[in-house]
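What the coordinates show
Chain by chain, the residues:
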Amino acid sequence: MHKSASTRAATSLHDLSAVELIAGFRAGQFSPAEVLEDVLAHIAVWEPHLKALYAFDPDGAGVTAKASTERWHKGQPIGPLDGVPVTIKDNIATKGVPVPLGAATTNLVPALVDAPPAARLREAGAVIFSKTTMPDYGMLSSGLSSFHPLTRNPWDLGKNPGGSSAGAGAAAAAGYGPLHLGTDIGGSVRLPACWCGLVALKPSLGRIPVDPPYVGRVAGPMTRTVDDAALMMSVLSRPDSRDGMSLPPNDFDWNVRARSPKGLRIGLMLDLGVGQALEREVRDVIVKAAKVFEAAGAVVTEVDSVLTREMLDGLDNFWRARMWDDLSRLAPAGRGKALPYILKWAEKGADLSGVDVVRGFNATMAIRSAAARLFAEIDYVVSPVSPVVNFAAELAAPLNDPNRPFEHICYTVPWNMSENPAASINGGYDANGFPIGVQIVGRRFDDLGVLAMAKTFEGLRDAQRPWPMPPK
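If you're wondering where the values come from, they're calculated on a predicted model, not measured in any experiment.

Ranked by internal contacts, the top residues of the largest apolar core, which has 147 residues, are Leu-121, Tyr-176, Trp-319, Leu-327, Leu-374, Trp-415 and Leu-451. Setting aside anything within four residues of it in sequence, one finds Trp-319 in contact with Met-139, Ile-185, Tyr-214, Val-215, Trp-345, Phe-406 and Met-417.

The strand order across the open sheet built from 11 strands is E1-E3-E2-E4-E6-E5-E10-E11-E9-E7-E8, with neighbouring strands paired in mixed fashion. The sheet terminates laterally at strand E1 (53-54) and strand E8 (299-302), the two strands that pair on one side only. Strand direction decides the pairing type here: strand E2 (residues 85-89) and strand E4 (residues 179-184), joined by three bridges, are parallel. Its bridge partner lying in E4, Val-86 is registered against Leu-179.

Another aspect to go through is helix H7 (residues 226-236). For H7, the tally of buried residues reaches nine of 11 residues, placing the bulk of the element in the interior. What H7 keeps buried is the set Val-226, Asp-228, Ala-229, Ala-230, Leu-231, Met-232, Met-233, Val-235 and Leu-236.

With that settled, consider the packing of aromatic side chains. The way to describe two aromatic rings as a pair is by their centre distance and the angle between their planes. In this structure the tally under the stated criterion is 13 aromatic pairs. When the centroid spacing of 5.9 Å and the interplanar angle of 80° are considered together, the rings of Tyr-54 and Phe-147 count as edge-to-face. Highlighted residues: Tyr-54 in strand E1 and Phe-147 in the loop between strand E3 (127-132) and helix H5 (166-174), separated in sequence by 93 residues. The partly exposed category is assigned to Phe-147, whose relative accessible area is 30%. Relative to Phe-391, the ring of Trp-195 lies with its centre 5.2 Å away and its plane at 75°, an arrangement referred to as edge-to-face. Taken as a pair, Trp-195 in helix H6 (residues 190-196) and Phe-391 in the loop between strand E9 (380-384) and helix H13 (413-418) lie far apart in primary sequence, 196 residues in all. Comparing Trp-195 with Phe-391 shows no difference in burial state: the two are buried. Chaining the aromatic ring pairs together yields one cluster made of Tyr-214, Phe-318, Trp-319 and Phe-361. Above the plane of the ring of Tyr-214 lies Arg-322, whose end atom (NZ or CZ) is 4.0 Å from the centre.

Mapped onto the fold, Thr-69 is located in helix H3 (residues 58-73). For Thr-69, a relative accessible area of 10% puts it in the buried group. Sequence-distant contacts of Thr-69, that is, excluding residues within four places in its chain, are made with Ser-31, Pro-32 and Ala-33.

Examined against the element boundaries, Leu-150 turns out to sit in the loop between E3 and H5. The class for Leu-150 is partly exposed, based on a relative accessible area of 22%. Apart from the residues within four sequence positions on either side, Leu-150 is in contact with Leu-50, Lys-51, Gly-143, Leu-144, Ala-393 and Glu-394.

Time to look at unusual backbone geometry. A negative phi holds for most residues other than glycine; trans holds for most peptide bonds. A cis amide bond links Gly-163 to the next residue, Ser-164, at an omega of 10°. Geometrically, the link from Asp-211 to Pro-212 is a cis peptide bond, its omega value of 5° lying close to zero. Examined against the element boundaries, Pro-212 turns out to sit in the loop between strand E5 (199-202) and strand E6 (218-223). In this structure, Asn-400 is a non-glycine residue whose phi angle is positive, near 55°.

The next thing to look at is the environment of Ala-371. Mapped onto the secondary structure, Ala-371 falls in helix H12 (residues 354-375). Sequence spacing of Ala-371 and Pro-414 is 43 residues, and the spatial spacing of their C-alpha atoms is 8.2 Å. Not counting the four nearest positions on each side in its chain, Ala-371 is found in contact with Val-306, Trp-415, Ser-418 and Asn-420.

On to the packing of helix H4 (residues 116-123) against H7. At their nearest, the axes of H4 and H7 sit 9 Å apart, and the two run at 105° to each other. As summarised for this structure, H4 and H7 are arranged roughly perpendicular, according to the angle between their axes. Together, Pro-117, Arg-120 and Leu-121 of H4 and Met-232, Val-235 and Leu-236 of H7 make up the contact between the two elements. Across the contact of H4 with H7, the residue classes break down as five nonpolar, no polar and one charged.

As a further point, take the pattern of salt bridges. A side chain of one charge can pair with a side chain of the opposite charge when the charged atoms of the two come close. The final tally for this structure, using the stated rule, is 21 salt bridges. Residues Asp-240 and Arg-242 are paired through a salt bridge, measuring 3.0 Å at the closest nitrogen-oxygen approach. Classification of Asp-240 as buried rests on a relative accessible area of 11%. When its relative accessible area of 32% is taken as the criterion, Arg-242 is described as partly exposed. A single network of salt bridges, built from pairs that share partners, joins Arg-120, Glu-123, Asp-240 and Arg-242.

Another aspect to go through is the pairing of E8. Regular strands show a simple pattern: their side chains alternate between the two faces of the sheet. Both strand E7 (residues 265-268) and E8 contribute to a ladder of four bridges, which runs parallel. Residue pairing for E8: Leu-268 is matched across the bridge by Glu-302.

Structurally, the position occupied by Arg-224 is in the loop between E6 and H7. Here Arg-224 sits buried without a salt bridge, and the closest side chain of opposite charge, Asp-15, lies 4.3 Å off (N-O distance). A distance of 3.3 Å separates a polar side-chain atom of Arg-224 from the backbone oxygen of His-14. Looking at Arg-224, its side chain comes within polar contact range of the main-chain oxygen of Gly-177, at 3.2 Å.

What counts as what
- Residues numbered from 1 in each chain as written.
- Predicted model: local features only at pLDDT ≥ 70, side-chain atom pairs only at ≥ 80, totals over all residues.
- Heavy atoms only, no water.
- Core = buried A, V, L, I, M, F, W, Y, C linked by side-chain atoms within 4.5 Å.
- Buried < 20%, exposed > 50% of the residue type's maximum accessible area, 1.4 Å probe, protein only.
- Contact = heavy atoms within 4.5 Å.
- Pairing = 2+ DSSP bridges.
- Helix = DSSP H or I, 4+ residues; strand = E, 2+ residues; numbered from the N terminus.
- Phe/Tyr/Trp six-rings, centres within 6.5 Å; stacked < 30°, edge-to-face > 60°.
- Lys NZ or Arg CZ within 6 Å of the ring centre and 35° of its normal.
- Axes fitted to C-alpha atoms, helices over the stretch in contact; angles between N-to-C directions.
- Parallel < 35°, antiparallel > 145°, perpendicular 65-115°, else oblique.
- Nonpolar A, V, L, I, M, F, W, Y, C, P; charged D, E, K, R; others polar.
- Salt bridge = Lys/Arg side-chain N within 4 Å of Asp/Glu carboxyl O.
- Lys, Arg positive; Asp, Glu negative; His and termini not counted.
- Polar contact = N/O pair within 3.5 Å; in protein donor to acceptor, adjacent residues only side chain to side chain.

Printed below as a string of structure tokens:
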């Protein structure tokens, strides 16, 4: 497990942040080849237990790291991530590697080109050494997959890392280098970050170009520090014409600084009235985080959820129908290879009428309207990421009931539908030392503000003692 910032100077290379690695490369303290060697040695110890990686390519990464080492020796890095080890989620295409989408039903055809986020990382000099695992079609908050082996949480191998960016979360928490790229359509970078003690940003829709684009679907960084997440954003947010839903190019300064919360209006969102009940230890961590902002001058008031039972059920209907559309195209034998939980959930989509599905999709617009009304009155929301501390590694979801699949994503999925940026950052630990995440949500397009608030919390959190710390 990675160590706190106060002891990081004495840690191994695989525990250093990307910002620290770049500084070390520049100063000639170590090379990209040496860093990769240390990361690979660390992976050899952990991966038999975690099963976080797909299409692991140490030889190809070694060639890339050697070329980066030569560039740094000449003082000619090609980009802001030159030589930094990176993983990329299964569903983000990388040239020459099949994209199974976590599902045994997928035909394994090598991708012809890099998807936009992978292309940006490669152009910036990142050393892409592996893809990471995910559940079937990204439709689970779990490390369970019909294609990949079961992915486990390094904080407790009996627990789930979350999903759908399951491998990315496990790899980041275990110290497989500093930078990991996931995707999020209902909580899929934030939930693993919550359960793995990480920082993750679900950016505004279109801030990071993706291919193929879809309603609510974004790519986002998963790191151990806010600075590293911001560094990734400086690369990932660069334009790509393949995404017709992407935002206009920007010249943001992604060198994010903490900001004073004084006078900011923060909405504390706790009990939603829908979904799984909020566990006490999660509530305690979120309330403590809100009090940290309040003590620094923010005006904190409790706010209601933007999600209703009708909206959640509508989203469920829409996504069941969409999933059934994909699975129904397969021959019965092929369809039977899907994870049974996913198949049972999707099959009910066949019974929905067109009106049912349209009404379900319209929940997206209702959520967006509710979010807009909320943010007319406040600047940021602080909430749980997950209502539960953790759940077993072998389960598809905390309730493990395909008839109630979305009960645990009620804090995360609204912000995909409304397109608001939302970050997860570690806020504390339960009695057994398991991490609990805090979610910070901002107005649409205020990605920099959300990262700045996360940076502020990171500093305030770490300045307080005794703040709950992970077990040694």
